[in-house]
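Observations on the three-dimensional arrangement
Spelled out, the chains give:
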Amino acid sequence: ALLSGFGNIAAVALRASDRLEVGSNVLLGSAGNRPQQLVLDTPLLTTAAGETVFHAGELGLRNSSAAHATAPVAGTGTLSVQADRVRFAGGDVALDGFAATTLNAAQGMTTGRDTRLRSGGDLSLSAAFLGGAAGTAGTELVITAPGRSLSLTRPATPSGSTVGVQVPPVSG
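First, a word on what this report is: a plain description of the structure on this page. (Residues numbered from 1 in each chain as written. Predicted model: local features only at pLDDT ≥ 70, side-chain atom pairs only at ≥ 80, totals over all residues. Heavy atoms only, no water.)

Overview of the overall build of the protein chain
Each helix and strand counted, the protein chain has 0 helices and 15 strands in total. Across the 172 residues of the protein chain, 41% fall into the buried class. When contacts within the protein chain are restricted to residue pairs at least 6 apart in sequence, long-range pairs at least 24 apart make up 62% of them. Accessible surface, the protein chain: about 8400 Å² in total, of which carbon and sulfur atoms supply 53%. (Helix = DSSP H or I, 4+ residues; strand = E, 2+ residues; numbered from the N terminus. Buried < 20%, exposed > 50% of the residue type's maximum accessible area, 1.4 Å probe, protein only. Contact = heavy atoms within 4.5 Å. Areas by Shrake-Rupley, 256 points an atom, 1.4 Å probe, with all protein chains shown as cover.)

Here is the structure:
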């Protein structure tokens, strides 16, 4: 499904109280024509197969429902997010059916509420900054990919730029 027409919309919110299932070969927006904000609000983002690509100025990932997803498993699909910012906005979110997920945030990834992101497949995060949003001291972001690879990288930065990652100590 080609959803490039969403690129002319300021904000797109997709909310599902149980699961948000993307079909095979989904493209939402493009590098030059994307929504300013895309919010995926669900306990489970899942696919059966194929490639899913989301482009947005800001991607918000959250679960505002009381539902918790079952343990995610790897599949054959891929998920790629290309955004300026990724905002983890609270709740328990699972990525299911994706063999590999890549979240790219050119400007950074932040969390403003306690968030747990679980991936059944390999998970790669690329961001210039990863940490709490202003005024959110004590907020937790837990990212897991049990039995799979989890990588954190930063995009190439111009000379003299600083890149920061805030990682609090884990106790227990």
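Structure's up, so let's keep going.
Here's the deal with the environment of L150
In this structure, L150 sits in strand 14 (residues 150-153). Taking the relative accessible area as the measure of exposure, L150 reaches 44% and is therefore partly exposed. Along the sequence, L150 and S124 sit 26 residues apart, while their C-alpha atoms lie 5.8 Å from each other.

Description of the sheet that holds strand 8 (residues 91-96)
For sheets, the rule is that strands pair by backbone hydrogen bonds, running either parallel or antiparallel. Pairing is parallel across the open sheet formed by 5 strands, whose spatial order is 2-5-8-10-13. A single partner strand is all that each edge strand has here, and the edge strands are strand 2 (20-22) and strand 13 (141-144). Sheet twist, expressed as the average angle between the axes of neighbouring strands with direction ignored, equals 15 degrees. The pairing of strand 2 with strand 5 (residues 44-47) spans 3 bridges and is classified as parallel. Paired with L20 across the bridge in strand 5 is L45. (Pairing = 2+ DSSP bridges. Axes fitted to C-alpha atoms, helices over the stretch in contact; angles between N-to-C directions.)

Quick look at the pattern of salt bridges
According to the stated counting rule, one finds 9 salt bridges in the structure shown. In this structure, D18 engages R19 in a salt bridge whose closest nitrogen and oxygen atoms are separated by 3.8 Å. Residue R19 is classed as partly exposed on the basis of its relative accessible area, which comes to 41%. Taking the shortest distance from any N to any O, the salt bridge between E58 and R87 comes out at 3.1 Å. Taken together, the positions of E58 in strand 6 (residues 51-62) and R87 in strand 7 (residues 77-88) put the pair 29 residues apart, joining distant regions of the chain. One salt-bridge network, in which partners are shared between bridges, spans R15, D41 and R62. (Salt bridge = Lys/Arg side-chain N within 4 Å of Asp/Glu carboxyl O.)

Some details on the nonpolar core
Within the largest apolar cluster, 31 residues are counted, with the highest numbers of intra-cluster contacts made by L38, L40, L45, F54, M109 and L117. The dominant element in this core, judged by the number of residues it contributes, is strand 7, at 5 residues. With residues up to four places along the chain from it excluded, the contact list for L117 reads L61, F88, V93, L95, L103, L123, V142, I143 and T144. (Core = buried A, V, L, I, M, F, W, Y, C linked by side-chain atoms within 4.5 Å.)

A few points about the environment of L38
Tracing the sequence through the fold places L38 in strand 4 (residues 37-41). Taking relative accessible area as the criterion, L38 reaches 0% and is therefore assigned buried. For the pair L38 and A83, spaced 45 residues apart in sequence, the C-alpha to C-alpha distance is 9.5 Å.

Details of the side chain of S80
On the secondary structure map, S80 appears in strand 7. Reaching out from S80, the side chain makes a polar contact with the side chain of Q82 at a distance of 2.9 Å. Ignoring sequence-local partners within four residues, the contact set of S80 consists of T52, V53, F54 and T102. (Polar contact = N/O pair within 3.5 Å; in protein donor to acceptor, adjacent residues only side chain to side chain.)

Focus on the environment of V86
Checked against the element boundaries, V86 lands in strand 7. Under the relative-accessibility criterion, V86 is labelled buried at 1%. The sequence separation of V86 and A105 amounts to 19 residues, and the corresponding C-alpha distance is 5.9 Å. Aside from chain neighbours lying at most four places away, what touches V86 is L59, N104, A105, G108, M109 and T110.

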